[in-house]
Amino acid sequence: MLPSLQESLDGDEKELESSEEGGSAEERRLEPPPSSHYCLYGYRGSRLAQQRGDCDDGSPSSTNAETPPGDDFSLSLVDTNLPSEVEPELRSFIAKRLSKGAVFEGLGHVASVELRIPGYRVGCYYCLFREEKLLPETATVGSEQSPSEYVVCFLGGSEKGLELYPFFGLWLELDKYIQGVKSSMNCEERGLENHIKSYLNNWFEDVVCPIQRVVLLFQDKLTFLLHAALSYTPVEVKESDEKTKRDINRFLSVASLQGLIHEGTMTSLCMAMSEEQHKSVIIDCSSSQPQVYNAGSNRFCEDWMQAFLNAAEGGNPFLFRQVLENFKLKAIQDTNNLKRFIRQAEMNHYALFKCYMFLKNCGSGDILLKIVKVEHEEMPEAKNVVAVLEEFMKEVLAQSF
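Predicted, not measured: the structure shown is a model, and the values here were computed from it.

A. Structural detail: the overall build of the protein. A tally of helices and strands in the protein yields 16 helices and 8 strands. By the burial criterion, 46% of the 401 residues in the protein qualify as buried. The contacts of the protein with a sequence gap of at least 6 include a subset with a gap of at least 24, amounting to 74%.

Printed below as a string of structure tokens:
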């Protein structure tokens, strides 16, 4: 039985499918993929807008959101793959945000923007950054009139696309992706403009689609990747092209609990797993479908693997990321529940039995027990509880064979 959090996700998928205008599942899979556009603007800021953004004191002067930009405000198009008839609509939206002083350098924002084409609201990520080296397209004879800042916009999917991700990790990944634009501008290579255009044009393939590609590549073997990510087991990819290897490593990184559990715990867990197994998980990509060796799995990962395969039927790349984030949330929820039971079990034998039953039924007891063992290594009473639970779980595993 899938976890309760997964059941709610299944409900979201059904709602998404039922909102389509008729047609069979096959017809829905043939629909065009979510839109993925970008815009790069050169920006010369309004001093009035910047002052208004700096003095957010609640006074009437600081809350006047509709004050027009000053004469020194300029937002010029550098490059885009948006249709020319709708680009001014996006520019108008960004200009309003900038004139309100609501955009800060280096911090991405996500909003919903309604454009005439495609005729519905789309998710828009936008980020302001400063760069000393100007692109040739924006340089003018009067250098003091040239923009010293840029705004990058990424538009993708519908309201169930980028808008979902203020709550998830994709927003932060887009912030990192913007750093690639800044790094490229610092180079003095020939053909740099084409490189930057290609980099911006590939944002959807590079940031959103890797999770989908890995799911479609591994199919039912995805459970091994999920288990390796949760348990911090080393993974070695062989006979693979660079793109596939990068996708797999990206999946493992995003699927891990890095950033969600204490950094010291994560480091100790990595060391413990390496010492315990002495073997990395080997992924051989020499054939059409990868072969996986030395891998582990459990019921928790198998259930969530099925959730990923169900998401593949909808064909929406953003949905895969939502499933992955829910997978991590459930793992963290189970970890926190086990920690709570262990604290209770230090003084209560019935709570110790609750710990045992929880580990037996959650589907990921093997991984959870390793996590709490590392965290409680320096706590004698909790360490004794974990030792008893390890003996219980060994008996369970022995009976299952």
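Back to the text.
B. Fine view of the sheet that holds strand β3 (residues 109-114). Spatial ordering of the open sheet is given by β2-β1-β5-β4-β3, a layout of 5 strands whose pairing is antiparallel. Since the sheet does not close on itself, it has two edges, and those belong to β2 (74-80) and β3, each with one partner. Neighbour-to-neighbour, the strand axes of this sheet turn through a mean angle of 30°, independent of strand direction. Across 6 bridges, the pairing between strand β1 (residues 36-44) and β2 is antiparallel. The residue bridging R44 from the neighbouring strand is S74, located in β2. Taken strand by strand, helix α4 (residues 87-99) contacts β1, β2, β3, β4 (121-130) and β5 (149-156), and its axis lies near 135° from that of β2.

C. Region of the structure containing the confidence of the model for the protein. Looking at the protein as a whole, its pLDDT mean stands at 77, while 68% of the residues score no less than 70. Per-element confidence in the protein is highest for strand β8 (residues 291-293), whose mean pLDDT is 96, and lowest for helix α2 (residues 25-29), whose mean pLDDT is 36. Predicted confidence is poor over residues 11-33, with pLDDT under 50, and the contacts of this stretch with residues over four places away or in other chains come to 14 contacts. Segment residues 140-145: pLDDT under 50, and 3 contacts once partners within four positions in sequence are set aside and those in other chains are kept.

D. Looking closely at the sheet that holds strand β7 (residues 281-284). Read across the sheet, 3 strands follow the order β6-β7-β8 without closing on themselves; strand pairing throughout is mixed. The open sheet is flanked by β6 (235-238) and β8, the only strands paired with a single partner. On average, each strand axis in the sheet is inclined to that of its neighbour by 20°, with strand direction left out of account. Examined bridge by bridge, β6 and β7 share 4 bridges and lie parallel to one another. In the strand pairing of β7, V235 is matched with V281.

E. Molecular detail of the side chain of T223. Relative to the elements of secondary structure, T223 occurs in helix α9 (residues 222-231). Side chain to side chain, T223 and S297 meet in a polar contact 2.6 Å long. Side-chain polar atoms of T223 contact the backbone nitrogen of E302, separated by 3.5 Å.

F. Main features of the environment of A95. For A95, the position within the fold is in helix α4. Once the C-alpha coordinates of A95 and L75 are considered, the two residues, 20 residues apart in sequence, prove to be 6.9 Å apart. In contact with A95, other than residues within four places in its own chain, are F73 and L75.

G. Summary view of α4. For α4, which comprises 13 residues, the first-to-last C-alpha distance of 18 Å matches the rise-based estimate of 18 Å (1.5 Å per residue) to within 8%. Buried within α4 are the following residues: E87, E89, L90, I94, A95, L98 and S99.

H. Structural view of the pattern of salt bridges. Applying the stated criterion to the full structure yields 11 salt bridges. A salt bridge links R250 to E173; its shortest N-O distance comes to 2.2 Å. Within this pair, whereas R250 is found in helix α10 (residues 242-255), its partner E173 is found in helix α5 (residues 170-186), the two being separated by 77 residues in sequence. A salt bridge links R321 to E173, with the nearest nitrogen and oxygen atoms 2.7 Å apart. Taken as a pair, R321 in helix α13 (residues 317-345) and E173 in helix α5 lie far apart in primary sequence, 148 residues in all. Note on E173: relative accessible area 15%, which makes it buried. Linked by salt bridges that have partners in common, E173, R250, R321, E325 and K328 make up one network.

I. Structural view of the pairing of β4. Of all 10 residues making up β4, 8 are buried, and the element is well covered by its neighbours. Here 8 bridges tie β4 to β5, and the two strands are oriented antiparallel to one another. Its bridge partner being in β5, Y125 is matched across the sheet by F154.

The rules behind these values
- Residues numbered from 1 in each chain as written.
- Predicted model: local features only at pLDDT ≥ 70, side-chain atom pairs only at ≥ 80, totals over all residues.
- Heavy atoms only, no water.
- Helix = DSSP H or I, 4+ residues; strand = E, 2+ residues; numbered from the N terminus.
- Buried < 20%, exposed > 50% of the residue type's maximum accessible area, 1.4 Å probe, protein only.
- Contact = heavy atoms within 4.5 Å.
- Pairing = 2+ DSSP bridges.
- Axes fitted to C-alpha atoms, helices over the stretch in contact; angles between N-to-C directions.
- pLDDT = per-residue confidence, 0-100.
- Polar contact = N/O pair within 3.5 Å; in protein donor to acceptor, adjacent residues only side chain to side chain.
- Expected span 1.5 Å × (residues − 1).
- Salt bridge = Lys/Arg side-chain N within 4 Å of Asp/Glu carboxyl O.

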